[in-house]
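Inside the fold
If you want the building blocks of each chain, they are given just below.
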Amino acid sequence: MSEMNQDNSGSFKSVEEIKQNIKNALIKNEILGYFNNDLLYMQLFGKNNSLDKIFTTIGILVILYGTQKNEIEFVEGITILTVGIGSFIISAILKKYLKLYLVYDTNREVFYSITSLKNKIFNKSKELSRKDIVELGVDCTFKDDNGSRAEYAAVSFKGDPKDNPGIRTSFVALLRNGSTINISDPVGLKDGRESAIARCHFFADCFGLNSVICEKDEFLKVIKDGVRKYKFSKSSLVPELEKVKKMSKNLIIFVLVFGGIITLIIVALILFLASLE
């Protein structure tokens, strides 16, 4: 699903209208999330979602360690088994109950994200007021919120730039001061991009704002429209894709050359030591 700059001709809706819109939208498209106590909960993907994988990995490593030992004392065996099974249990609990949500409070008109464990909230982000937003969009980038390009090294290419799995899709907002804020990265969902687009369209309509949806090979940049007004504009991500592609190739070449040199040194050292005997 692709969109050019979309002007939302409708005006900002009242709180009650937005509540009814949410209920109607959820009937047609559950991708938005679920509505409870005047709060719209939208599933996110965050760092906490990887905790279950960490404990699964620990469990596997511990079990593998135990199987590689020739002799294991009874106490050591029990400890290995307990830690291994315990790690798998913790992983299963986290996978089922640890959730990260983007929340829109319809009464207070604010966005924030929460991390909850079995419906108990133990972390809440800074709130973003609807009144501070002037435009909404769906952005595509390799960079994290700090502008780091560290993710570039992990990017792999499969021909068409739009199929690049390293591209990060985000639902973003443009603020009155010209800065942008990442509202959510629903990439942990199977339909992450569709979810970001659905959220962008829905809230742009509710707030009477313009929305700009990027293709997978485009990114958002902020330009000035007049003296103090800012707006989103789309730009091609292809030059960045080519840079990353070149960096990836250079890295592979470096690893192969460096590995070859190390191998030759080791072989030469072995031959030298053998000649001394």
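Residues numbered from 1 in each chain as written. Predicted model: local features only at pLDDT ≥ 70, side-chain atom pairs only at ≥ 80, totals over all residues. Heavy atoms only, no water.

**Observations regarding the overall build of the protein chain**
- What the protein chain contains, in helices and strands, is five helices and 12 strands.
- Long-range contacts, defined here as pairs at least 24 residues apart, represent 60% of the contacts in the protein chain between residues at least 6 apart.
- As displayed, the protein chain has an accessible area near 17000 Å², and 58% of this comes from carbon and sulfur atoms. (Helix = DSSP H or I, 4+ residues; strand = E, 2+ residues; numbered from the N terminus. Contact = heavy atoms within 4.5 Å. Areas by Shrake-Rupley, 256 points an atom, 1.4 Å probe, with all protein chains shown as cover.)

**Some remarks on the confidence of the model for the protein chain**
- Confidence in the prediction of the protein chain, expressed as mean pLDDT, is 77, and 78% of residues score 70 or more.
- Averaged pLDDT values over the elements of the protein chain bottom out at 75 in helix H2 (residues 51-68) and peak at 93 in strand E10 (residues 210-213).
- In this model residues 1-10 is a low-confidence stretch, pLDDT under 50, and it forms 25 contacts with partners more than four residues away in sequence or in other chains. (pLDDT = per-residue confidence, 0-100.)

**Notes on the sheet that holds strand E8 (residues 168-175)**
- With mixed pairing, the four strands of this open sheet are ordered in space as E9-E8-E7-E10. Each edge of the open sheet carries a strand with a single partner, namely strand E9 (180-184) and E10. Averaged over all neighbouring strand pairs, the angle between strand axes comes to 25 degrees, with direction disregarded. (Pairing = 2+ DSSP bridges. Axes fitted to C-alpha atoms, helices over the stretch in contact; angles between N-to-C directions.)

**Things to note about the packing of helix H1 (residues 15-28) against helix H4 (residues 192-207)**
- Taken N-terminus to C-terminus, the directions of H1 and H4 make an angle of 155 degrees; their axes are 11 Å apart at the nearest point. Judged by the angle between their axes, H1 and H4 are roughly antiparallel. Considering only the axes of H1 and H4, their crossing is right-handed. Facing H1, whose interface residues are Ile18, Asn21, Ile22 and Ala25, H4 presents Phe202, Asp205, Cys206 and Phe207.
- In terms of residue class, the contact of H1 with H4 is built from six nonpolar, one polar and one charged. (Parallel < 35°, antiparallel > 145°, perpendicular 65-115°, else oblique. Left-handed = near helix turned anticlockwise from the far one by under 90°. Nonpolar A, V, L, I, M, F, W, Y, C, P; charged D, E, K, R; others polar.)

**Quick look at the state of the cysteines**
- Inspection of every chain in the model, using the stated rule, returns zero disulfides.
- Between Cys200, a cysteine without a disulfide, and Cys214, which holds the nearest cysteine sulfur, the sulfur-to-sulfur distance is 9.7 Å. (Disulfide = S-S within 2.5 Å.)

**A look at the nonpolar core**
- With 32 residues, the main nonpolar core has Phe111, Leu136, Phe203 and Phe207 as its most contacted residues.
- Among the secondary structure elements, those contributing two or more residues to this core are H1, strand E2 (39-43), strand E3 (98-105), strand E7 (133-141), E8 and H4.
- If one sorts the elements of this core by residue count, H4 sits on top with nine residues.
- Residue contacts for Phe203: discarding those within four places in its chain leaves Leu40, Met42, Tyr104, Phe111, Leu136 and Phe171. (Core = buried A, V, L, I, M, F, W, Y, C linked by side-chain atoms within 4.5 Å. Buried < 20%, exposed > 50% of the residue type's maximum accessible area, 1.4 Å probe, protein only.)

**A word on the environment of Ile22**
- Checked against the element boundaries, Ile22 lands in helix H1.
- For Ile22 and Phe203, which are 181 residues apart along the polypeptide, the C-alpha to C-alpha distance reads 9.6 Å.
- Excluding residues that lie within four positions of it along the chain, Ile22 makes contacts with Phe35, Leu40, Thr106 and Phe202.

**Things to note about unusual backbone geometry**
- The phi torsion at Asn37 lies on the positive side, around 50 degrees, for a residue other than glycine.
- Assignment of secondary structure puts Asn37 in the loop between strand E1 (34-36) and E2.
- Unlike most non-glycine residues, Glu109 shows phi in positive territory, near 60 degrees.
- Along the chain, the position of Glu109 falls in the loop between E3 and strand E4 (110-117).
- On the basis of relative accessibility, which here comes to 14%, the residue Glu109 falls in the buried class.

**Looking at the packing of aromatic side chains**
- In this structure the tally under the stated criterion is 11 aromatic pairs.
- Here the aromatic rings of Tyr104 and Phe207 are separated by 5.7 Å at their centres, their planes lie at 55 degrees, and the arrangement is tilted. Here Tyr104, found in strand E3, pairs with Phe207, found in helix H4; they are 103 residues apart in sequence, far enough to count as distant.
- Among the residues examined, Tyr104 registers a relative accessible area of 0% and is labelled buried.
- Judged by relative accessible area, which is 4%, Phe207 ranks as buried.
- A ring pair is formed by Phe111 and Phe207, whose centres lie 6.2 Å apart and whose planes are at 75 degrees; its orientation type is edge-to-face. In this pair, Phe111 is assigned in strand E4 and Phe207 in helix H4, connecting sequence segments 96 residues apart. Like Phe111, the residue Phe207 is buried in the burial classification. (Phe/Tyr/Trp six-rings, centres within 6.5 Å; stacked < 30°, edge-to-face > 60°.)

**Some points on H1**
- Compared with the 20 Å implied by 1.5 Å per residue over 14 residues, the 20 Å span of H1 between its first and last C-alpha is a close match.
- Of all the positions in H1, only Ile18, Lys19, Ile22, Ala25 and Leu26 are classed as buried. The buried residues of H1 occupy an angular sector of 130 degrees when projected down its axis, which confines them to one face. The outward face of H1, more than 90 degrees from its buried face, is lined by the exposed residues Glu16, Ile27 and Lys28. (Expected span 1.5 Å × (residues − 1). Arc of directions from axis to C-beta.)

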